[in-house]
Amino acid sequence: MKSKVLILLASIGMFLGIWSCDSPPIAQVVEPTATSVLQAVEVPTPVAQTPSARTTDHSPTPTPTQTETPTETATIQASIQLITPEATAVAGADPDLKPGFPVVIGKAPNYFSLVVGNINSNPFEEIVALPAFGMEPNVTVVEPDGSTTTRWAGGSGANPPLALGDFSNASPGLEIVSYFIKKREVQRAQQEWEAGISIYSGSGDILPRWPITQPFTGPFGFRGPLHDLEPPITLDLDGDGLDEVFAYWKFLKADGTIIPGWERTLSFPAVGDLDQDGKPEIIAQFGGSVPLAAFHMDGSPAAGFVLQLPEGWTTMGKNPVIGDVDGDGVPEVLAVIYDMYEVSIGDPKEYQLAIIAADGHVKHLSSFMEDPNNFMVLALGDLDCDGAAEIVLQTATKVYVWKGDGSTFPGWPQEVGVRTSYSPLIGDVDGDGKQDIVVLSTNRGLSVYSSNGQLLPRFPKTFHDSGANIAIADLDRDGRNEIIVAGADQDINSAVWVFDLRGPGPYGDIQWGQYLGGPQHHSNWKSSSYCSR
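## Quick look at the overall build of the protein
A tally of helices and strands in the protein yields four helices and 33 strands. Out of the 533 residues in the protein, the part that is buried amounts to 57%. Within the protein, contacts between residues separated by at least 24 positions form 55% of all contacts whose residues are at least 6 apart in sequence. Looking at the protein as shown, the accessible area adds up to about 21,300 Å², and 55% of this sits on carbon and sulfur atoms.

As structure tokens, this is what we get:
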């Protein structure tokens, strides 16, 4: 009874905004050391303290340009029990922590789906987060002031990355695409798993004719997107003004129907205009002897583009990326390739960064050595303000940077700690007009490097599980780009942190701010709008 009274008092105090207590530091600043990666893993990691469980049933206080609608309000019931006096105040120990953060949004280990975009009628960017593998797999929307609304249950078990897209003219902002898996009873005492994909409005209403479901044998036997963490990709494929979604190797219209012409198995596609006709092509892993192929919007093969590699060589990692890396105005395709027949037990093996022309021929190869079976993630950004993108690759322990001619960019590579699947990101986060590289690692946490490889002051910042997913966005449209981290605190609460370095400005733009480039996951770099030398 006493605990219930305390919870009720905490909730009332939270509503009235009268809590004012001190709490320990949220994220501890760790000075970089010269220890090896192996040693760094063995050193106990400082942990982030319990963050604020601030929740409200309303959107941020309206500004003169903001409209508040009833559909943007919700009551948080599932997470109200997380509110305690110790967790409601956020101490200013970390000067970079944005007021109102961190916030607790559920109970889960360290896997997170995270996208950022405007999903309602207010002018701000929302954080859309989905803890997975946990007891409360609910999609939570976090506003720039730290207020939250729990929108809907995201399913159970493994939830792969979310995506945003424009699927309806009836609701403001972008809609949210979410995979799910769940059990269903087929007959008494027998259950089977089914997987599916749903599209929701920003207020949590499911769109007509969704979800789309399909059965499979089990969560560990299913070899589709849920297993490989292949995100949904959204784009307007047929030019009708509404997006389609690529999922389960098919393109689905906003009404859930399948678009003909795409009856083939494609994995990890990227989207870019290779032939400069104003219409994007789809570049994807095709399987068999063709590791990468390109297709027009109607599903027909793009003439000339078939990546031919020596026997035994194939592409590495996940999506290829697309962007102009040599300044000629025509995009290139970037991928990591390797010889899958080369056996390397305990020793590094050779990989090649392939810079591929729009017609499919390989323009440059850059060799590097890494541990075998290494997950690698590519990103693009103009680090030297010359109008062409540099190529950034995060491997298990390092970040490499190359110019478009295959030469190494000054200051790189750098040891950054054991990687996660969602970085690196590229954007100006300290307000000097230059692009920074933001990385997340499981043993060092959040690190930010200048374009020449220098670690920024007050980094890295470590957390209980060193975070799980990151993004860069100007959430409140104040001209300063923030870093968003989603992960778990020391009590295994799912939490979201936002860091604002409050640089002098004006800030440069965000060139690769989310997983695979942005919330639609196109893996496509666009030229910089502002850059300072």
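So that's the structure; there's more coming.
## Remarks on the environment of Gln285
Tracing the sequence through the fold places Gln285 in strand S15 (residues 281-285). Judged by relative accessible area, Gln285 falls into the buried class, the value being 17%. Along the backbone, Gln285 and Pro320 are 35 residues apart, and their C-alpha atoms lie at a distance of 8.3 Å.

## So, the sheet that holds strand S31 (residues 482-488)
Either a parallel or an antiparallel arrangement is found when strands of a sheet pair, and the pairing is made through backbone hydrogen bonds. The strand order across the open sheet built from four strands is S2-S32-S31-S30, with neighbouring strands paired in antiparallel fashion. Of all the strands in the sheet, just strand S2 (103-107) and strand S30 (469-473) have a single pairing partner and so form its edges. Taking the axes of each pair of neighbouring strands and ignoring which way they run, one obtains an average angle of 20° across the sheet. Bridging between S31 and strand S32 (residues 493-499) involves six bridges; their strand directions are antiparallel. Bridged to Val485 within S32 is Trp497.

## Some words on the sheet that holds strand S12 (residues 244-247)
Pairing in this open sheet of three strands is antiparallel, and the strands run S11-S12-S13 from one edge to the other. Sheet topology places strand S11 (233-235) and strand S13 (250-252) at the edges, where each strand pairs with a single neighbour. Taken over all neighbouring pairs, the strand axes of this sheet differ in orientation by 25° on average, direction set aside. Strand direction decides the pairing type here: S11 and S12, joined by three bridges, are antiparallel. If you follow Ile233 over to S12, its bridge partner there is Phe246.

## Things to note about the packing of aromatic side chains
Under the counting rule described, the total for this entry stands at nine aromatic pairs. With centroids separated by 5.5 Å and ring planes inclined at 45°, the aromatic side chains of Phe368 and Trp402 adopt a geometry described as tilted. Of this pair, Phe368 sits in strand S21 (residues 362-370) while Trp402 sits in strand S24 (residues 398-402), placing them 34 residues apart in sequence. In terms of burial, Phe368 and Trp402 fall into one category: buried.

## Structural notes on the confidence of the model for the protein
Residues of the protein with pLDDT of at least 70 account for 70%, and the chain-wide mean is 75. Per-element confidence in the protein is highest for strand S26 (residues 425-427), whose mean pLDDT is 97, and lowest for helix H3 (residues 85-88), whose mean pLDDT is 26. Counted against residues more than four places away or in other chains, residues 1-92, with its pLDDT under 50, gives 166 contacts. Long-range and interchain partners of residues 217-228, a stretch whose pLDDT sits below 50, account for 26 contacts in this model, where long-range means more than four residues apart.

## Some words on the pattern of salt bridges
In this structure the tally under the stated criterion is 18 salt bridges. Here Lys98 makes a salt bridge to Glu482, at a shortest N to O gap of 3.6 Å. Within this pair, whereas Lys98 is found in the loop between H3 and S2, its partner Glu482 is found in strand S31, the two being separated by 384 residues in sequence. Owing to a relative accessible area of 8%, Lys98 belongs among the buried residues under this scheme. Classification of Glu482 by relative accessible area gives buried; the value is 0%. The residue Glu125 makes a salt bridge to Arg477 at a minimum N-O spacing of 2.5 Å. Of this pair, Glu125 sits in the loop between strand S3 (112-117) and strand S4 (126-131) while Arg477 sits in the loop between S30 and S31, placing them 352 residues apart in sequence. For Glu125, a relative accessible area of 17% puts it in the buried group. By relative accessible area, which is 47% here, Arg477 ends up partly exposed.

## Quick look at the layout of surface pockets
There is about 730 Å³ of room inside the largest pocket. What lines the largest pocket is a set of 31 residues, and nearest its centre among them are Gln511, Gly517, Gly518, Asn524 and Lys526. For the lining of the largest pocket, the secondary structure elements donating two or more residues are strand S14 (267-272), strand S18 (313-323), S30 and strand S33 (510-512). Sorting elements by how many residues they give to the lining of the largest pocket places S33 first, with three residues. Tallied by class, the residues present in the lining of the largest pocket amount to 12 nonpolar, 14 polar and five charged.

## Examining the environment of Pro291
Looking at the secondary structure, you find Pro291 in the loop between S15 and strand S16 (293-295). For the pair Pro291 and Leu309, spaced 18 residues apart in the sequence, the C-alpha separation amounts to 8.0 Å.

## Regarding unusual backbone geometry
The omega torsion across Phe101 and Pro102 is 0°, close enough to zero to call that bond cis. If you trace the backbone, Pro102 turns up in the loop between H3 and S2. Cis geometry marks the peptide bond from Trp210 to Pro211, where omega comes out at 5°. Along the polypeptide, Pro211 turns up in the loop between strand S9 (190-200) and strand S10 (212-216). The backbone of Gln276 shows a phi angle near 55°, a positive value even though the residue is not glycine. Within the secondary structure, Gln276 sits in the loop between S14 and S15. Even without being a glycine, Arg458 presents a positive backbone phi close to 70°. Note that Arg458 resides in the loop between strand S28 (445-449) and strand S29 (461-462).

The rules we used
Residues numbered from 1 in each chain as written. Predicted model: local features only at pLDDT ≥ 70, side-chain atom pairs only at ≥ 80, totals over all residues. Heavy atoms only, no water. Helix = DSSP H or I, 4+ residues; strand = E, 2+ residues; numbered from the N terminus. Buried < 20%, exposed > 50% of the residue type's maximum accessible area, 1.4 Å probe, protein only. Contact = heavy atoms within 4.5 Å. Areas by Shrake-Rupley, 256 points an atom, 1.4 Å probe, with all protein chains shown as cover. Pairing = 2+ DSSP bridges. Axes fitted to C-alpha atoms, helices over the stretch in contact; angles between N-to-C directions. Phe/Tyr/Trp six-rings, centres within 6.5 Å; stacked < 30°, edge-to-face > 60°. pLDDT = per-residue confidence, 0-100. Salt bridge = Lys/Arg side-chain N within 4 Å of Asp/Glu carboxyl O. 1 Å grid on protein atoms, 1.4 Å probe; cavity = no way out; pocket = protein on both sides within 12 Å on 5 of 7 lines; lining within 4 Å. Points joined across faces, edges and corners; volume = space filled by probe spheres on them. Nonpolar A, V, L, I, M, F, W, Y, C, P; charged D, E, K, R; others polar.

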